Amino acid sequence: MTALDFRTYRADAPDAQQVHAEYDALEREAREASSAGEARAAVARWDALRRRLATWQSLVGIRFSQDTQDSAAKAALEQRDAFAPQLTRRDVQLKRLLLASPWRDALAADLGPQALALWECDVASFDPAIEDDLVRQARLAARYTELLASAQFDFQGERLTLSELGKFAEHPARDVRRGAAELRWGWFADRQRELDDLFGELVGLRHGVAQKLGQSHFTPVAYQWMRRTDYAEADVARFRDEVRRHVVPLATEIRRQQARDLGVDPLMAWDEGLHDPRGNPRPVGDYDGMLRSAAALFAELDDELAAFFAQMERCWLMDLRARPGKAGSGYCDALPDLGMPFIFANFNGSKGDVEVFTHEMGHAFQAYCSRDLPLIDYLWPTSEACEIHSMGLEFLAWPAMEQFFGADAERFRRLHLVGALVFLPYACAIDHFQHEVYARPDDSPAERAATWRAMERLYLPHLQWGDLAHPASGRRWQSQLHVYLHPFYYIDYALALTCALQLWVLAGADRPQALQRYVQLCRRGGSEPFAALVASAGLRSPFAADSLRDAVARAADFLGLEPAAR
Ligand code: ZN
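Below is a short write-up of the structure. (Residues numbered from 1 in each chain as written. Predicted model: local features only at pLDDT ≥ 70, side-chain atom pairs only at ≥ 80, totals over all residues. Heavy atoms only, no water.)

## As for the packing of aromatic side chains
Phase 1 of the analysis: Counting across every chain of the model gives 43 aromatic pairs.
Phase 2 of the analysis: Pairing F199 with W477 gives two aromatic rings, centres 4.8 Å apart and planes at 50°, and the pair type is tilted. One end of the pair, F199, is in helix α9 (residues 192–212); the other, W477, is in the loop between α19 (469–472) and α20 (481–485), and 278 residues separate them in sequence. In this pair, the class of F199 matches that of W477, namely buried.
Phase 3 of the analysis: Aromatic pair Y438 and F488: ring centres 5.5 Å apart, planes at 45°, arrangement tilted. Residue Y438 is found in helix α17 (residues 409–439), and its partner F488 is found in the loop between α20 and α21 (491–509); the two are separated by 50 residues along the sequence. Just as Y438 is buried, F488 falls in that class too.
Phase 4 of the analysis: Within the aromatic cluster, the residues linked to one another by ring pairs are F218, Y223, W225, Y231, Y438, F488, F530 and F543.
Phase 5 of the analysis: The positively charged end of R63 is found above the aromatic ring belonging to F6, 4.4 Å away from the centroid.
Phase 6 of the analysis: One residue, R178, lies across the ring of W270, its end atom 4.4 Å from the ring centre. (Phe/Tyr/Trp six-rings, centres within 6.5 Å; stacked < 30°, edge-to-face > 60°. Helix = DSSP H or I, 4+ residues; strand = E, 2+ residues; numbered from the N terminus. Buried < 20%, exposed > 50% of the residue type's maximum accessible area, 1.4 Å probe, protein only. Lys NZ or Arg CZ within 6 Å of the ring centre and 35° of its normal.)

Structural data, given as structure tokens:
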């Protein structure tokens, strides 16, 4: 690999007319192919075009997130987003042609059946008749994003956004935590009507889309949008039962322990963010020290991973430090033409820096390992499989945490595990709630709130809202952006975590074996559906009975807890 300097890398915006001409030619080739070889050649040309366009699309998104104040970057982003629906339509049309081609079986034999399964999913869940609905859905989603971004709070002498206010959930002083929770939920209470109505509009719109696509309700369409080709609603319901049976009792025990540690009785909603009365451990050392620790971590894990990290550094493919004007959060994106990914974060000296870094490096390493798979469809698997690579690496990195946290490493590992365990029931509550909502699209806001309260009783029985009226009324989900923006996505984190926890258990018993399976899984990318990927790594499907039993037993042991029998 040459000495790429990503800081100065540019990709010209494609000429829309020329791109359409290329798609016209590809459609002709797909239609008129007189041999399997010709059909395969057309697919290869289409793949090259898609990689070129994807590289440009990613680059535009990256440059904007690196400097949201840059008007040229903003203009490029708007140009990209206006063009994207046209590209989706052209891709769906090509997929439709290839699926109907006499060379379909030859393509499946050559590319693997997963490509065709994915294309079928995309074709079934898109129709020009829903294009306007998709635009309207994006507008409603943007309204939610803008509404939450407009929130401002004066608290503890600072002017804060909603996410900045969130950090006080971990504050060691109880009255500060309580004050932050009152402010936060007071803001939501003031906008209850708007948030209820906005969600009602989204549910109605999505139900209408389902009907236009010939489905009785929205859930199967959402599963297709997520490209879930090998499991259905009933499988996910079984997984949630598994979490209820194995994880909820342990999570309840964790909350009891937390109450004892914090010296509070009962543990209230505003206490839940703080697990250690001493506060969260922080990474030792500065940014450069952190990169050196990371290099040592990857050197210990795997030779290929170590070489990959060195290359990411050499090519400036990481932008990790917080800086004014940078977009929030962290992410990893692929640059298929370069054969390399890029990672983005906002390090601020908290333990989250280490978590975000190992998480995004997991995504990056997988994309890198999958760069030469025959189709861009395989560059990433579906998202529940993607998050195994990221969360898996978070756990596989445990033995190196002394590098990052010094004497606090064990405290960090404990908090990391506790965070994972208490997350599972919440993720299931969010998922179960959405299944109920879309099964009864005509429910009133009050009925939906009652549905959420039932979810809290099932999955979060310890939860006490006290006099926080808005969440107590059954509307906590209104602060979970996925419910508005990314329907049915949320369970993917829990499915992946169930697999990552298995890697954690395995690493405790046989670390080289766990690492080898992890790297192999990354290499397979998206060439197979979720369950097949999981099985190929020797992991138990989250949909199988007792998929969480061993991890929960091991976690209870590690934490010194005895989950109440159920
Ligand atoms: Zn992720």
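## What about the side chain of R475?
Phase 1 of the analysis: Following the sequence through the fold, R475 ends up in the loop between α19 and α20.
Phase 2 of the analysis: The class for R475 is buried, based on a relative accessible area of 7%.
Phase 3 of the analysis: Of note is the side chain of R475, whose polar atom sits 2.9 Å from the side chain of S473.
Phase 4 of the analysis: If we ignore the near neighbours within four places in the chain, the residues touching R475 are Q192, D196, P445, A446, A449, W452 and H470. (Polar contact = N/O pair within 3.5 Å; in protein donor to acceptor, adjacent residues only side chain to side chain. Contact = heavy atoms within 4.5 Å.)

## A few points about the coordination of the zinc ion
Phase 1 of the analysis: Binding of the zinc ion to the protein goes through H359 (NE2), H363 (NE2), E387 (OE) and E387 (OE), at separations of 2.1 to 2.6 Å.
Phase 2 of the analysis: Sequence spacing of the donor residues for the zinc ion, all on one chain, is H-x3-H-x23-E. Of the two residues, H359 and H363 are both situated in helix α14 (residues 351–369); the distance of four residues between them amounts to about one turn of the helix. Residues H359 and H363 agree in their burial class; the two are buried. (Donors = N, O, S within 2.8 Å, 3.2 Å for Na, K, Ca; no water.)

## What to know about unusual backbone geometry
Phase 1 of the analysis: Cis geometry marks the peptide bond from D265 to P266, where omega comes out at 0°.
Phase 2 of the analysis: Turning to its location among the elements, P266 is positioned in the loop between α11 (233–262) and α12 (287–301).
Phase 3 of the analysis: Unusually for a residue other than glycine, Q156 sits at a positive phi of about 55°.
Phase 4 of the analysis: With respect to the helices and strands, the residue Q156 is situated in the loop between β1 (153–155) and β2 (158–160).
Phase 5 of the analysis: The backbone phi angle of R227 is positive, close to 55°, even though this residue is not glycine.
Phase 6 of the analysis: Structurally, R227 is set in the loop between α10 (218–225) and α11.

## Details of the pattern of salt bridges
Between side chains of opposite charge, pairing is possible as soon as their charged atoms come close.
Phase 1 of the analysis: By the definition in use, this model includes 48 salt bridges.
Phase 2 of the analysis: Notably, a salt bridge pairs R51 with D47, separated by 2.8 Å at the nearest N-O pair. Linking R51 with D47, this pair stays in helix α2 (residues 36–66), spanning four residues, or about one helical turn.
Phase 3 of the analysis: On the basis of relative accessible area, R51 is assigned to the buried category, the value being 11%.
Phase 4 of the analysis: With its nearest N and O atoms 3.0 Å apart, the salt bridge here joins R511 to E300. Taken together, the residues R511 in helix α22 (residues 511–524) and E300 in helix α12 connect sequence positions 211 residues apart. (Salt bridge = Lys/Arg side-chain N within 4 Å of Asp/Glu carboxyl O.)

## Focus on α11
Phase 1 of the analysis: Approximately 45° is the largest bend angle found in α11, and it occurs at V247, with the proline P249 only one to four residues beyond.
Phase 2 of the analysis: Backbone geometry just downstream of α11 places G263 in the positive-phi region, at approximately 70°. (Bend = angle between axes of the 7 residues up to and from the residue.)

Structural measurements only, silent on function.
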